[in-house]
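For reference, the chains in residue letters:
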Amino acid sequence: FASMIIDRKISFDKSGEKLTLLEIFTENEADSYPKDVLITRVKGKLAGMINFTSGSAGSFSSISVTAASPVFAKELAEVVLTELQLLNRDLKIRSVSEKTTFIENRIFNVQKQLSSAEKNLKLFREKNRQISSPTLMLSEEQLTREVEVQKGIYLTLKQQLELAKIEEVQTSILQILD
């Protein structure tokens with residue numbers, strides 16, 4: 001997570017000058033060490049400043065930022081929240097996309113099975129126009145039941161696909177309370 005916010009520009013003090021977190025934390029060391037070493041140090045410093053805690057029920061999480069400057073702490077908290085919202089949205093879109101793809105594939109397969117079951121029932125009824133024997137009646141019931149089952153699965157999948165599409169456009173579940 002620190003890697004995602006390390007290049008974001010924020011105000012360090014009341015002057016309003018915006019610097020990246022990398023510049024803020026490595027102002028005197030920038031020429032002394034390679035960039036990857038500096039990034040590792042900044043990640044460590046950020047880990048000490050940003051604290052994530054989850055509630056007991058898991059429904060609420062708390063993020064606290066501790067810094068010497070209140071302006072810097074506020075700006076850093078806003079950057080963290082913005083990045084969390086983007087990350088949350090990205091994960092949600094990926095999850096819904098995978099779900100939608102799975103449902104669409106299932107719909108395709110069930111559609112083929114439904115078509116086959118309907119064709120079998122049609123052929124049976126064409127061959128047996130007058131069904132009087134118990135064996136023929138049982139066979140027709142089995143074929144009808146198979147069509148009904150496939151219809152039920154198809155309708156359920158279509159409903160789930162619509163729900164997934166609705167879920168995809170819903171707003172983020174991250175809400176700032178304070």
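Residues numbered from 1 in each chain as written. Predicted model: local features only at pLDDT ≥ 70, side-chain atom pairs only at ≥ 80, totals over all residues. Heavy atoms only, no water.

Enquirer: I'm lost on the overall build of the protein in this one. Help?
Expert: If you tally the helices and strands in the protein, you get five helices and four strands. Along the protein, from the amino end to the carboxyl end, the secondary structure elements read α-β-β-α-α-β-β-α-α. The buried share of the protein, taken over its 178 residues, is 24%. Taking all contacts inside the protein whose residues are at least 6 apart in sequence as the whole, residues at least 24 apart take part in 56%. Here the protein displays about 12,400 Å² of accessible surface, and carbon together with sulfur accounts for 54% of that area. (Helix = DSSP H or I, 4+ residues; strand = E, 2+ residues; numbered from the N terminus. Buried < 20%, exposed > 50% of the residue type's maximum accessible area, 1.4 Å probe, protein only. Contact = heavy atoms within 4.5 Å. Areas by Shrake-Rupley, 256 points an atom, 1.4 Å probe, with all protein chains shown as cover.)

Enquirer: Where do I start with the side chain of Thr-100 in this structure?
Expert: Along the chain, Thr-100 turns up in helix H4 (residues 70-127). Of note is the side chain of Thr-100, whose polar atom sits 2.8 Å from the backbone oxygen of Val-96. What Thr-100 contacts, discounting residues up to four positions off in sequence, is Leu-161 and Ala-164. (Polar contact = N/O pair within 3.5 Å; in protein donor to acceptor, adjacent residues only side chain to side chain.)

Enquirer: Any chance you could explain the nonpolar core here in plain terms?
Expert: Among soluble globular proteins, nonpolar side chains are generally buried collectively. Core analysis: the biggest nonpolar cluster contains 20 residues, and Ile-5, Leu-21, Leu-46, Phe-72 and Leu-76 have the highest contact counts within it. Elements represented by at least two residues in this core include exactly helix H1 (2-5), helix H2 (21-25), helix H3 (35-49) and H4. Per element, the largest residue contribution to this core is six residues, and it comes from H4. Excluding residues that lie within four positions of it along the chain, Leu-46 makes contacts with Ala-2, Ile-5, Leu-21, Phe-25 and Leu-76. (Core = buried A, V, L, I, M, F, W, Y, C linked by side-chain atoms within 4.5 Å.)

Enquirer: How do you make sense of H3 when you look at a structure like this?
Expert: Note on helix geometry: an α-helix contains 3.6 residues per turn, so any two residues three or four positions apart are oriented the same way. The first and last C-alpha atoms of H3 sit 21 Å apart over 15 residues, in line with the 21 Å expected at 1.5 Å per residue. Leu-38, Val-42, Leu-46 and Met-49 are the residues of H3 that are buried. Here the buried residues of H3 occupy an arc of 75 degrees about the axis, which is enough to place them on one side. Among the exposed residues of H3, those oriented more than 90 degrees off its buried face are Asp-36, Thr-40, Ala-47 and Gly-48. Residues of H3 that are buried in the fold lie against H1, H2, strand E3 (50-54), strand E4 (61-65) and H4. (Expected span 1.5 Å × (residues − 1). Arc of directions from axis to C-beta.)

Enquirer: So what exactly am I meant to see when it comes to the environment of Glu-75 here?
Expert: Examined against the element boundaries, Glu-75 turns out to sit in helix H4. Glu-75 gets classed as buried once you look at its relative accessible area, which sits at 16%. C-alpha separation for the pair Glu-75 and Val-65, spaced ten residues apart in sequence, amounts to 9.6 Å. Among all residues touching Glu-75, those that are not within four sequence positions of it are Ile-10, Ser-11 and Lys-18.

Enquirer: Would you mind showing me how to read a nonpolar patch on the surface here?
Expert: A cluster of nonpolar residues, Phe-1, Met-4 and Phe-52, forms a patch on the protein surface that exposes about 250 Å² of accessible area. Relative to the assigned elements, Phe-52 resides in strand E3. With relative accessibility at 41%, the residue Phe-52 sits in the partly exposed group. (Patch = residues over 30% accessible without salt bridge, like charges linked within 9 Å, V, L, I, M, F, W, Y side chains within 5 Å. Salt bridge = Lys/Arg side-chain N within 4 Å of Asp/Glu carboxyl O.)

Enquirer: What is the right way to read the pattern of salt bridges from this model?
Expert: A side chain with one charge may pair with a side chain of the opposite charge, provided their charged atoms come close. Going through the model one piece at a time under the given rule, you end up with seven salt bridges. We note a salt bridge from Glu-167 to Lys-99, for which the minimum N-O separation is 3.7 Å. Taken together, the positions of Glu-167 in helix H5 (residues 134-169) and Lys-99 in helix H4 put the pair 68 residues apart, joining distant regions of the chain. Owing to a relative accessible area of 27%, Glu-167 belongs among the partly exposed residues under this scheme. According to the relative accessible area criterion, Lys-99 is partly exposed, its value standing at 35%. Glu-148 is the salt-bridge partner of Lys-151, the closest N and O atoms lying 3.8 Å from each other. Of the two residues, Lys-151 and Glu-148 both sit in helix H5, three residues apart, roughly one turn of that helix. On the basis of relative accessible area, Glu-148 is assigned to the partly exposed category, the value being 45%.

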